[in-house]
Amino acid sequence: MSVKVNVPTPLRKLTNGDSEVSVEASTVDELIANLDSEFNGIAGKLLDDKGEIRRYVNIFVNDEDIRFLEGKSTPLKDQDEVSIVPAIAGGNI
């Protein structure tokens, strides 16, 4: 299944500047592994030392946060759109 992945600006140096890539995957976990096979080092930016998605990385499948779905086990279908969104912090309140 081919899935469209929207790549945030901070990770584009790993995807040769591409803001969007297509990856074959049936789950989010497989998507991350396949992304890392094609773009070495990207998994290290998305996953912590325990293999869990970093707290400051949000992943959405068709606008749904995977934290409210099945996490890394969230199934993917052909033509799904996955967005990787780094959390943004800073500023004064």
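Keep in mind that this is a model prediction, so the values were computed, not measured. (Residues numbered from 1 in each chain as written. Predicted model: local features only at pLDDT ≥ 70, side-chain atom pairs only at ≥ 80, totals over all residues. Heavy atoms only, no water.)

The helix and strand tally for the protein stands at 2 helices and 5 strands. Secondary structure elements in the protein, listed N-terminal to C-terminal, are β-β-α-α-β-β-β. Against the globule reference of 12 Å for 93 residues, the protein gives a C-alpha radius of gyration of 13 Å, in line with a compact fold. By principal-axis analysis of the C-alpha atoms, the protein measures approximately 45 × 30 × 25 Å. Within the protein, buried positions represent 35% of all 93 residues. Relative to all contacts within the protein whose residues are 6 or more apart in sequence, the contacts with residues 24 or more apart total 48%. Of the accessible surface of the protein, which amounts to about 5,900 Å², a share of 47% is contributed by carbon and sulfur atoms. (Helix = DSSP H or I, 4+ residues; strand = E, 2+ residues; numbered from the N terminus. Rg over C-alpha atoms; globule rule 2.2 N^0.38 Å. Buried < 20%, exposed > 50% of the residue type's maximum accessible area, 1.4 Å probe, protein only. Contact = heavy atoms within 4.5 Å. Areas by Shrake-Rupley, 256 points an atom, 1.4 Å probe, with all protein chains shown as cover.)

Relative to the elements of secondary structure, S83 occurs in strand β5 (residues 81-86). Given the relative accessible area of 18%, S83 is considered buried. Within polar-contact distance, the side chain of S83 engages the side chain of N6 at 3.1 Å. (Polar contact = N/O pair within 3.5 Å; in protein donor to acceptor, adjacent residues only side chain to side chain.)

So, about the confidence of the model for the protein. Chain-level statistics for the protein give a pLDDT mean of 94 and a share of 95% at 70 or above. Confidence scores differ between elements of the protein, with β5 showing the lowest mean pLDDT of 96 and helix α1 (residues 28-38) the highest of 98. (pLDDT = per-residue confidence, 0-100.)

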